[in-house]
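Listed here are the chains, written in short residue letters.
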Amino acid sequence: MNWERTHIDLGTIKEKSSVNIDYNYIGSKVIAEIIPSCPGCTIASYNSKTKQIEAAYNPGKLPRHLAGTFYHVTIQKTILVKYEDGTEDILSFSGKIIK
């Protein structure tokens, strides 16, 4: 196992807010690339000093077609981690966005 945990539940998030997410790396492989599934709302980078992927998720405003219909929108996002040896891990986070 390369990570202390591979999924993080963010709970309830207000629209237009920002949430910081940290994944602790406990592996020994060299990380080559980090790719968020939604680069428009998720920024992620690897800090080699702390051995963490530091991510920030900003859901923005609920889409108009969803905001009037639902009290909340459930999200599930991933971060793909590619290693120099060609292997990969998928980290994920989820939560509910409210208005």
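See the structure above.
A short tour of the structure in this document, coming up. Values in this document were obtained by computation on a predicted structure and should not be read as measured data. (Residues numbered from 1 in each chain as written. Predicted model: local features only at pLDDT ≥ 70, side-chain atom pairs only at ≥ 80, totals over all residues. Heavy atoms only, no water.)

All right, on to the nonpolar core then. Of all hydrophobic cores here, the largest spans 24 residues; its most connected members are Trp3, Ile21, Tyr23, Tyr57 and Phe93. Sorting the residues of this core by element identifies β1 (7-14), β2 (19-24), β3 (31-36), β5 (52-57), β6 (72-83) and β7 (88-98) as the ones contributing at least two each. Once you skip the residues sitting within four places of it in the chain, Tyr57 turns out to touch Leu10, Ile13, Ser17, Ser18, Val19, Ile21, Cys41, Thr42, Ile75, Lys77, Phe93 and Ile97. (Core = buried A, V, L, I, M, F, W, Y, C linked by side-chain atoms within 4.5 Å. Buried < 20%, exposed > 50% of the residue type's maximum accessible area, 1.4 Å probe, protein only. Helix = DSSP H or I, 4+ residues; strand = E, 2+ residues; numbered from the N terminus. Contact = heavy atoms within 4.5 Å.)

A separate point is the sheet that holds β1. One open sheet accounts for four strands, arranged β1-β7-β6-β3; its pairing is mixed. Two strands close off the open sheet at either side, each with one partner strand: β1 and β3. Direction aside, neighbouring strands of the sheet carry axes that sit 20° apart on average. Note that β3 and β6 share five bridges and pair antiparallel. Residue Glu33 lies in a different strand from β6, and its bridge partner there is Lys82. (Pairing = 2+ DSSP bridges. Axes fitted to C-alpha atoms, helices over the stretch in contact; angles between N-to-C directions.)

What follows is about the packing of aromatic side chains. Ring pairs (aromatic) are described by centroid distance and by the angle formed between their planes. One pass over the structure, following the stated rule, counts four aromatic pairs. For the ring pair Trp3 and Tyr25, a centre distance of 4.8 Å and an interplane angle of 50° mean the geometry is tilted. Within this pair, whereas Trp3 is found in the segment before β1, its partner Tyr25 is found in the loop between β2 and β3, the two being separated by 22 residues in sequence. As far as burial versus exposure is concerned, Trp3 and Tyr25 are alike and both buried. (Phe/Tyr/Trp six-rings, centres within 6.5 Å; stacked < 30°, edge-to-face > 60°.)

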